Amino acid sequence: MIRRAAPLALAAALLSPASLSAEGARITLDCGFQQSCSEAGQCSPYGGSQVFTLAPENTDVAGSGDWTIALGETAPLPARGLSRTGPWTWQRPGDGHLHSLVLTGTDSAMWVRQWLPTELYPETYAEVDFMLCEVTG
């Protein structure tokens, strides 16, 4: 238990309230995918990378509140965060997905994409990507 708490404590220190209170403060995660899993736990190796840029917009001291998130060079989207170390949730207009990003240590994260039922795809399903990341902020 202590072994798992140490990386999160380090991540929390990196993303301290003082650093987030600065105007324009951002958190960048430069991540490489390690594996991708289905909602049923079927996993396979997965290559590629993704950069996430998070910026607090209207948050309390703990980092809970409104954020923006940009994936790569895309325009930032509104997101909600529960703390300065996540999880963050957002939805891209029109894609029918709920996205969640969770820091799982000082150099790791999970990205969950949940498909909501639609007329075309009536079943809910999800993909979970496990990533190693360089976190700066």
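Just so you know, these numbers come straight off a predicted model, no measurement behind them. (Residues numbered from 1 in each chain as written. Predicted model: local features only at pLDDT ≥ 70, side-chain atom pairs only at ≥ 80, totals over all residues. Heavy atoms only, no water.)

What follows deals with the nonpolar core. Formed by 20 residues in total, the largest nonpolar core has its most connected members in Leu29, Phe52, Ile69, Trp90, Leu101 and Met131. Sorting the residues of this core by element identifies strand E1 (27–38), strand E3 (49–59), strand E4 (65–71), strand E5 (77–81), strand E6 (88–90), strand E7 (97–105), strand E8 (108–115) and strand E9 (125–136) as the ones contributing at least two each. The element that contributes the greatest number of residues to this core is E1, accounting for 4 residues. Other than its neighbours up to four places away in sequence, Ile69 contacts Phe52, Thr53, Leu54, Ala75, Pro76, Leu77, Ala79, Trp90 and Leu101. (Core = buried A, V, L, I, M, F, W, Y, C linked by side-chain atoms within 4.5 Å. Buried < 20%, exposed > 50% of the residue type's maximum accessible area, 1.4 Å probe, protein only. Helix = DSSP H or I, 4+ residues; strand = E, 2+ residues; numbered from the N terminus. Contact = heavy atoms within 4.5 Å.)

Turning next to the pairing of E3. Bridge analysis of E1 against E3 gives 6 bridges, and the strand direction is antiparallel. When the sheet's bridge partners are listed, Ile27 is paired in E3 with Leu54. Bridging between E3 and E4 involves 7 bridges; their strand directions are antiparallel. When the sheet's bridge partners are listed, Leu54 is paired in E4 with Ile69. Counting the residues in the hairpin turn of E3 and E4 gives 5 residues, including Gly63, whose phi is positive at 95 degrees. (Pairing = 2+ DSSP bridges.)

With that settled, the discussion passes to unusual backbone geometry. Most peptide bonds take the trans form, and the phi angle of most residues other than glycine is negative. Between Gly86 and Pro87 the backbone carries a cis peptide bond, its omega angle lying at 0 degrees. Mapped onto the elements of the fold, Pro87 is located in the loop between E5 and E6.

Bringing the state of the cysteines into the picture now. Going through the model one piece at a time under the given rule, you end up with 2 disulfides. Put simply, Cys31 and Cys133 are joined by a disulfide, and their sulfur atoms are 2.1 Å apart. Disulfide Cys31-Cys133: the torsion about the S-S bond is 105 degrees, which places it as right-handed. On the criterion of sequence distance, the pair formed by Cys31 in strand E1 and Cys133 in strand E9 is long-range, its members being 102 residues apart. Here the two residues Cys31 and Cys133 agree in accessibility, since each one is buried. (Disulfide = S-S within 2.5 Å.)

With 10 bridges joining them, E1 and E9 adopt antiparallel strand pairing. The residue bridging Leu29 from the neighbouring strand is Val135, located in E9. Bridging between E8 and E9 involves 8 bridges; their strand directions are antiparallel. The residue bridging Trp115 from the neighbouring strand is Tyr125, located in E9.

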